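Structural overview
Single-letter residue listing:
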Amino acid sequence: LLNFAPIGKPERDRRVRELFERVALPPDLLNRRPHELSGGQQQRVALARALSQQPRLMLLDEPFSALDTGLRAATRKAVAELLTEAKVASILVTHDQSEALSFADQVAVMRNGRLAQVGAPQDLYLRPVDEPTASFLGETLVLTAELAQGWADCALGRIAVDDRQRSGSARIMLRPEQIQI
């Protein structure tokens, strides 16, 4: 299942077991064929193969897309922890916003082949640069408002806003978790 540069069999076997342990795979899977492994196990074997080369950077292109929802979250968390532990920088390409926001230290949103916004996941989620980015990253409520001295007067009443300098007509964005009834 794993390819290595020519080294002695005992050293190779030790390294394979170490990598299997690192990606949380039991040693009894070593003798199985790829079609005999689950999707999550196949992902972990692929990760072990990539880690065997001791890369400094890893490109993950939609790595969790073939997994069911429950396995996807668990595998994503395990891979993130493993890459952090191995000190491997990674680029994750995904169309799943929640996956990007939960996996990354930095997120880049691309639209029409251009970077729309780059930053920490929390910053992009709470302070998107525009409405398309806001709605792309999660549910939003966008309201027309009048801004003055750090307050927005809108259909929901008077709401505090981050920008105390802006005044006049504007559109404000609220996330569902920011609204309390």
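For the structure, see preceding data.
Residues numbered from 1 in each chain as written. Predicted model: local features only at pLDDT ≥ 70, side-chain atom pairs only at ≥ 80, totals over all residues. Heavy atoms only, no water.

1. Some details on the packing of aromatic side chains
Tallied over the full model, the rule gives one aromatic pair. Note on Phe64 and Phe103: the rings are 6.2 Å apart at their centroids and 55° apart in plane angle, and the pair reads as tilted. Of this pair, Phe64 sits in the loop between β1 (57–61) and α3 (69–85) while Phe103 sits in helix α4 (residues 97–103), and the two are 39 residues apart along the sequence. Take Phe103: its relative accessible area is 13%, and that puts it in the buried class. (Phe/Tyr/Trp six-rings, centres within 6.5 Å; stacked < 30°, edge-to-face > 60°. Helix = DSSP H or I, 4+ residues; strand = E, 2+ residues; numbered from the N terminus. Buried < 20%, exposed > 50% of the residue type's maximum accessible area, 1.4 Å probe, protein only.)

2. Some details on the pattern of salt bridges
Taken as a whole and assessed by the stated rule, the structure comprises 13 salt bridges. A salt bridge links Arg12 to Asp13; the shortest N-O distance between them is 3.3 Å. In this structure Arg12 comes out as partly exposed when scored by relative accessible area, which is 34%. With a shortest N-O distance of 3.7 Å, Glu85 and Arg22 are connected by a salt bridge. Note that Glu85 is positioned in helix α3 and Arg22 in helix α1 (residues 9–22), a separation of 63 residues in sequence. We classify Glu85 as exposed; its relative accessible area is 55%. Under the relative-accessibility criterion, Arg22 is labelled partly exposed at 34%. Via salt bridges that share partners, Glu11, Arg14, Arg15 and Glu18 belong to a single interconnected network. (Salt bridge = Lys/Arg side-chain N within 4 Å of Asp/Glu carboxyl O.)

3. Quick notes on a nonpolar patch on the surface
Where nonpolar side chains cluster on the molecular surface, the patch consists of Leu57, Leu59, Ile91 and Val93 and spans about 370 Å² of accessible area. At the level of elements, β1 and β2 (89–93) are the ones that each hand at least two residues to the nonpolar patch. Following the sequence through the fold, Val93 ends up in strand β2. In this structure Val93 comes out as partly exposed when scored by relative accessible area, which is 34%. (Patch = residues over 30% accessible without salt bridge, like charges linked within 9 Å, V, L, I, M, F, W, Y side chains within 5 Å. Areas by Shrake-Rupley, 256 points an atom, 1.4 Å probe, with all protein chains shown as cover.)

4. Brief notes about α3
Given a rise of 1.5 Å per residue, 17 residues ought to cover 24 Å, and the 24 Å separating the end C-alpha atoms of α3 matches this to within 8%. When we look at burial in α3, the residues that qualify are Arg72, Thr75, Arg76, Val79, Leu82 and Leu83. Down the axis, α3 shows its buried residues gathered within 135° of arc, on one side only. When the buried face of α3 is taken as reference, the exposed residues oriented beyond 90 degrees from it are Gly70, Lys77, Thr84 and Glu85. At its buried positions, α3 is contacted by α1, α2 (39–52), β1, β2 and α4. Once α3 ends, the next one or two residues include Lys87, with phi positive near 55°. (Expected span 1.5 Å × (residues − 1). Arc of directions from axis to C-beta. Contact = heavy atoms within 4.5 Å.)

5. What about the nonpolar core?
One broad rule of soluble globular proteins: the nonpolar side chains tend to lie buried together. Judged by nonpolar contacts, the single largest core of 20 residues is most densely connected at Val23, Leu47, Leu51, Met58, Val79 and Leu83. Among the elements of the structure, α1, α2, β1 and α3 are those that each provide at least two residues to this core. Among the elements that make up this core, the one with the highest residue count is α2 (four residues). (Core = buried A, V, L, I, M, F, W, Y, C linked by side-chain atoms within 4.5 Å.)

6. Examining the side chain of Gln117
Looking at where Gln117 falls in the secondary structure, it is placed in strand β4 (residues 114–119). Among the polar contacts listed, one links the side chain of Gln117 to the backbone nitrogen of Val129, at a separation of 2.8 Å. Those residues within four positions of Gln117 in sequence are excluded, and the remaining contacts are Val107, Ala108, Val109, Asp123, Leu124, Arg127, Pro128, Val129 and Thr133. (Polar contact = N/O pair within 3.5 Å; in protein donor to acceptor, adjacent residues only side chain to side chain.)

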